[in-house]
Each structure stands twice: as structure tokens, then as C-alpha cells.
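Each chain is listed here by its residues.
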Amino acid sequence: MLQDKCPCSWTRVSFLLLLFAAALELLPATATATDQIPNPDRCSTSADAHQQKWSVEILIQKINNSALLEETMKISPLKDALQYYDADFFSNEKVLEMAKGAKEFNIPIYRASRKLVASEDGGLHDPSVLVFNPEWSGNVTPKESKRFSYPAVSGIQRPDGEEEIAFMSVLELGHLLRTKQITSQELTRIFLRRLRRHDRALEAVVSYTEDLAFKQAKEADHLLDQGVYLGPLHGIPYGLKDIISVPGYKTTWGSKTFQNQVLDMEAWVYKRLKSAGAVLIAKLVSGSLAYDDIWFGGRTRNPWNIEEFSTGSSAGPAASTSAGLVPFAIGSETAGSMTYPAARCGVTALRPTFGTVGRTGVMSISESLDKLGPFCRSATDCALVLDAIRGKDPDDLSSRDIFPEDPFLIDITKLTVGYLEDAEMEVVNVLASKGVNVIPFKLNYTVDSVQGILNFTMDVDMLSHFDRWQRSGQDDVYEAQDQWPLELRRARMVPAVDYLQAQRARGKLIREIRDGFTVDAFIGNATDWEKVCMGNLVGMPVIVVPTGLKSIENPPSGGTRRRTTITTGIYAPPQHDHVALALAMAYQSVTDHHKQRPPIGDLGPNDSIPNPPTATYPPRRWHP
């Protein structure tokens, strides 16, 4: 026996068992394990060991006969689990009460709710009644909804080459259509050819909507022949991010799980563009389930540097617009999915005020964060597209009739614009030269958990829309295991009370931003993660503006035309998108950075498009 060979060893065993007995409250309050047992590091005599053995055997009998043993075996893992909820402060009795209540009361409610609203993934049905409103004033004065008074162009002649046509602005293409220098069907052919030619390098297209496109283009031409003009988007081809549903065509959400999904639903934004006469030619890449630029067909690349990737889930809209494959495209942002790819690909993009554009028929991540907006050649084009797609969507509880002022009528000399330390100073200097009052600025707030609040909100909301997907194990075939699968498993551990505490902290942030926003707009880095999180939590608009190009690192020998794009962001208060647009238009009126063309088909001497790319994949970011 162990005690016969080494009394010291038996002393150690006795010590541990008596400590366990004390935890079970089987020892008198005045008699602890340390009272009963000598120091286990000191060998005891055989007599001591015999006495300890007798005491331990009695305790073992008590333990075996105690109902507390079973309860203790239940309590231990529950207490361990509560550590991960930062709630390990309950007594044993309370833990058992909690477990009983959860089993009898909570779990049936969980299951009943899931049965009612979580049988389909994607959040397309049964929206939450908890609606976020970013309005700062609290008192909204009813206004008459008026369309923007966009500028007329004249004297534009049709270029000889398709390349030149492909990089014309929406206004310029509209002039060619109205003056019968080109037809919508011709434009549709041009852009479809460009999409097919360059998509082999960019991996930006999920589906071509060719039949629908020619049907819509033919109708646009017919209306023009009848003297009917629907506005500046009449007959203009465009692309939609593939989380936006169009009947008869796949809406894959970029994911292996849903790559054959066809939704018999017209997204509200698609309806708006159809009524404006625009022509849908392609469904463009969304990163898988709107996270980053990896999708079931590959990874979308940056037209300015083909060895880079576009970043952000609006990868297809950004890359396609940048490369002149569509005149404009619609993307979405929850946390960086427009700003990041717009900055990487060097295009102008507007992330509008939350609620400006309806989201019916669009895959949902977070109902208080998701926004739709345009990728365009210029801020002027962004204003035209925004004007066509804004308005109240009756099936989207978060959408509202927002009545911004006409950005084409803003007197920018009456504006005071701040600039942060990371602003591109060329933008500051140009606006100052045009009469804008520009001042140094810092947006102060005390909430120091902005990034955490964003991730809590986004991940928990996303999990509620893809609960079935996770429970059925479909996350195991997700394209990038360190993205949604990892985050949504972590989200399963967020208690409801702490989710709501994060939303209260978000409310505090909104109030502090409102009070600290003492300028009409400010200029700063569009991809700084803190600003991305803050801006999306608050619901404020930002427009990404190209401001230049610089040489890539480690260019190939013999030279290259590949470049790294430089951009900045112009931020405005919620419902003041017109201010950001007016400032961006003023800057672009005297600069030509937004008119530059990426070298997608002409990389330069001794340079080629690598397939697969030779560059190391850049780190993925936590921003769908």
C-alpha cells in the first residue's frame, strides 16, 4: 500500500481529500483541512499516517453518501464557464439556481425564437424592431423631397476608342446618350467586353446579367427615341455587389454555402436604379458573407497593383469601377467594406448617412450598421447615384426619408472645415484656395472602447442572422477560417446584458461626437480603424477622395506602371452628406487624381500579371 511504502505520500493524499471535504462543507467550521493534517511537505510517523487514514476514510464515506457530491460536480464546470462571461461571483447555491432556471425557462425561449425567425440565413426576413437612428437634433423639420439640380454638360463628343468611352463620367455618358452619339445597347456591349477581358486578372465578377442588361438597354433606347428621359442614370450600365438580390440571377453572398442561391426578390436599391433607367450588367464580387475580399471563386485584386488585393468585402464594385469596367457600382459597408477597397483601388466612394438607402433584399450583417452606397469616378457621379437611390424603403425599418440639401448649390465659402493630423494637406490647401475656412481640428471623446463596441455589435448581430449556418456546421467550409467562423464562435459567448451595455456605451459615444463636432466637416484618413469604427457606430457619412499616386515598393526591374493610390476622407455629420459631396466636388474641380487610369492592360517593360500572384497575401482585417 502507498502509506506503507511512504507515509509522506499518504499525508499528501489526505491533505487533498480534506481540502475537497472542506469545499463540500463536510468539516466543522472550526476544523479545516490544515487543522487535521500536518504539513504535507513533512513526513509523518506511521501512527500519524494511521490516524490520517482513519479520518480520511470517514470523510470518504461521508462524501459518498452526500448529495452534495453530485451538485458539486455540476457546479464546477458552471463556475468555470461563468469566468468567460466575467460573472464568476455567484455562490454555489445561486449557480445551481441559475442552471435550473436556464434549463427550464431560458432554453425553451431560445428554441421558440429560433424556430420563428432563424430558419433562414442572411437576415432577409423578420427584421429587428430595435431600430438605430443617427439623427442628432431630435427634432426633424419636414421638408419637401427634391431631386438634385445636377449640372448640364455640353460640347462633349464621342471619343474614337472604347478605352476613352469607358473612363467617361456618368454625366458625360449621359450627354452622349441624349444627343444620340451612342446608344445604351452600345454602351452595354462595351462594358460587358471590358468586364470579360479584365476579369481574368481581377476576379471581380460573380455573374453576368447579359440578357437582363440588353433588355433594359433596349428599353432605355426606346424611351429616348420617344422623347422620354428618366434622368442622369438613364441607359448607364452599372454593377451590384452580390449581396443584393435580383430575381432570376444568383445572389451568392460570395460564399461556398450559398453559391447556387437564387432569391426571388427585387432588392429595393435595384428597384430604384431600374426606375432611374440604369442598366444592370453584372453582379460583382462580395467577399464571403461580406467579409474581406476572399470569396468562393478566388480573391479580388487591385487594378492599380495587380499583386495586391482590394481589401474589404465591396471588392468587386471597387475594382471594377477603378478599372473602367463599369461607370459606377453599388457596394455596402458595415465596418470598412467601402472605405478600404475605395482607398486601395483609388476610386471615389460615398458611405452615406445610415438609413439613407433602403436595404430590403440585401444580406444583413448588422441592422444598425449596414449601409449601401456608390463607387464612382467622381464625387459628382456619387451625388447623382445617391440622388437616385435615397428615400424611405417601406420594408426596411431603419430607412428614412432624409432630405439633404442640394450639394450642387452649397456655398462652400460659408463652411468651416477641420483637418486632422493625418489629413492629406493637398486637399486642405486646395479647399482653402477656394475660400473654405480650414482650421486644425481634433475630434475628442472619452469612450475608449470604440473598436470593441463595433466588433461586439457587428458579430452578435451577424450571428443572429446566421445562427442556423453555424449550428449546422456550415462554417467549417467557410473560405477563410480566421474570419467569420472565429468571430461568430466568440460572439456566441457574449451575454445579452453586456451586448446592451455596449449599445449604451455607443449612445454615450454618439453624444460625445455630436458635442465635439464643432465644424461643418473634417478631413482625415479614411482607413484609420478607429475612425472607421467610430464613423460607422455614429452613422456619419464619409466620402473617399483620390489624392495621388506613389511608386510601389520593390518594383520589378525595368520599371512598372503599377502604383499605390493615396486617398483621404471627408467626414460630415449625419444627414449632411451634401456637405461632404460639395467639398469633394470642389477639390476635384481643380485636380485630376480621380481621372487617372490604372495600368490593368499595360503594366510596363518586363512587367506582367502574375497568376497566381507572387506577392504575399496582406493580413486580413476585421472589417466586413
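Thresholds, definitions, all that
Residues numbered from 1 in each chain as written. Predicted model: local features only at pLDDT ≥ 70, side-chain atom pairs only at ≥ 80, totals over all residues. Heavy atoms only, no water. Helix = DSSP H or I, 4+ residues; strand = E, 2+ residues; numbered from the N terminus. Buried < 20%, exposed > 50% of the residue type's maximum accessible area, 1.4 Å probe, protein only. Contact = heavy atoms within 4.5 Å. Areas by Shrake-Rupley, 256 points an atom, 1.4 Å probe, with all protein chains shown as cover. Core = buried A, V, L, I, M, F, W, Y, C linked by side-chain atoms within 4.5 Å. Pairing = 2+ DSSP bridges. Polar contact = N/O pair within 3.5 Å; in protein donor to acceptor, adjacent residues only side chain to side chain. Axes fitted to C-alpha atoms, helices over the stretch in contact; angles between N-to-C directions. Expected span 1.5 Å × (residues − 1). Arc of directions from axis to C-beta.

> Describe the overall build of the protein, naming the residues involved and giving the relevant values.
What the protein contains, in helices and strands, is 21 helices and 15 strands. In the protein, which comprises 624 residues, the proportion classed as buried is 54%. If you take every contact in the protein between residues at least 6 apart in sequence, the share linking residues at least 24 apart comes to 76%. When the accessible surface of the protein is summed, it comes to about 27600 Å², and 52% of that surface belongs to carbon and sulfur atoms.

> Which residues make up the nonpolar core, and what values go with them?
Core analysis: the largest hydrophobic core is formed by 150 residues, its most contacted members being Leu273, Leu289, Phe328, Ile330, Trp484 and Leu583. Ile330 has contacts with Gly239, Leu240, Lys241, Ile244, Val269, Leu273, Pro317, Leu372, Gly373, Pro374, Val385 and Ile389, leaving out every residue within four places of it along the chain.

> So what's going on with the pairing of strand β10 (residues 371-376)? Which residues, and what values?
Most of β10 sits inside the fold, with 6 of its 6 residues counted as buried. Pairing of strand β8 (residues 328-333) with β10, which is carried by 6 bridges, proceeds in the antiparallel orientation. Bridging from a neighbouring strand, Ala329 pairs with Phe375 of β10. Both strand β9 (residues 348-351) and β10 contribute to a ladder of 2 bridges, which runs antiparallel.

> Please set out the environment of Asp293 residue by residue, giving values where relevant.
Along the chain, the position of Asp293 falls in the loop between β3 (279-284) and β4 (294-295). Overall, Asp293 belongs to the buried group, its relative accessible area being 0%. Dropping the residues within four chain positions of it, Asp293 is found in contact with Gly287, Gly298, Arg299, Thr300, Phe309, Ser310, Thr311, Gly312 and Ala315. Reaching out from Asp293, the side chain makes a polar contact with the backbone nitrogen of Thr311 at a distance of 2.7 Å.

> Which residues make up the sheet that holds strand β11 (residues 416-419), and what values do they have?
Pairing is mixed across the open sheet formed by 11 strands, whose spatial order is β1-β3-β2-β8-β10-β9-β14-β15-β13-β11-β12. With one partner strand each, in any of the chains shown, β1 (205-208) and β12 (437-440) form the two edges of the open sheet. Between one strand and the next, the sheet's axes are offset by a mean angle of 25°, whatever the strand orientation. Pairing between β9 and strand β14 (residues 542-551): 3 bridges, direction antiparallel. Bridge pairing in β14 links Ala349 to Val544. Relative to the sheet, helix α9 (residues 184-202) contacts β1, β2 (237-241) and β3, its axis offset from that of β3 by approximately 15°. Each of β1 and β3 touches helix α10 (residues 210-225); the most contacted strand, β3, lies at about 160° to it.

> An account of helix α16 (residues 450-465) is requested, with residue identities and associated values reported.
Taking 1.5 Å per residue as the helical rise, α16 with its 16 residues ought to reach 22 Å, and the 23 Å between its terminal C-alpha atoms agrees with that figure. When α16 is considered as a whole, its buried residues turn out to be Val450, Ile453, Leu454, Asn455, Thr457, Met458, Asp459, Asp461, Met462, Leu463 and His465. Of the surrounding elements, those touching the buried residues of α16 are α17 (467-471), α18 (484-491), α19 (496-516) and α20 (529-538).

> Can you explain α10? Please cite residues and give values.
Its 16 residues give α10 an end-to-end C-alpha distance of 22 Å, which sits within 8% of 22 Å, the value for a rise of 1.5 Å per residue. Restricting attention to buried positions, one finds in α10 the residues Leu212, Ala213, Gln216, Ala217, Ala220, Asp221, Leu223 and Leu224. Taken end-on, α10 shows its buried residues confined to a sector of 165°, consistent with a single buried face. Away from the buried face of α10 by more than 90 degrees, exposed residues Asp211, Lys215, Lys218 and Asp225 are located. In this structure, the buried side of α10 is in contact with α8 (170-178), α9, α11 (268-275) and β3. Immediately beyond the C-terminal end of α10, within one or two residues, lies Gly227, with a positive phi of roughly 80°.

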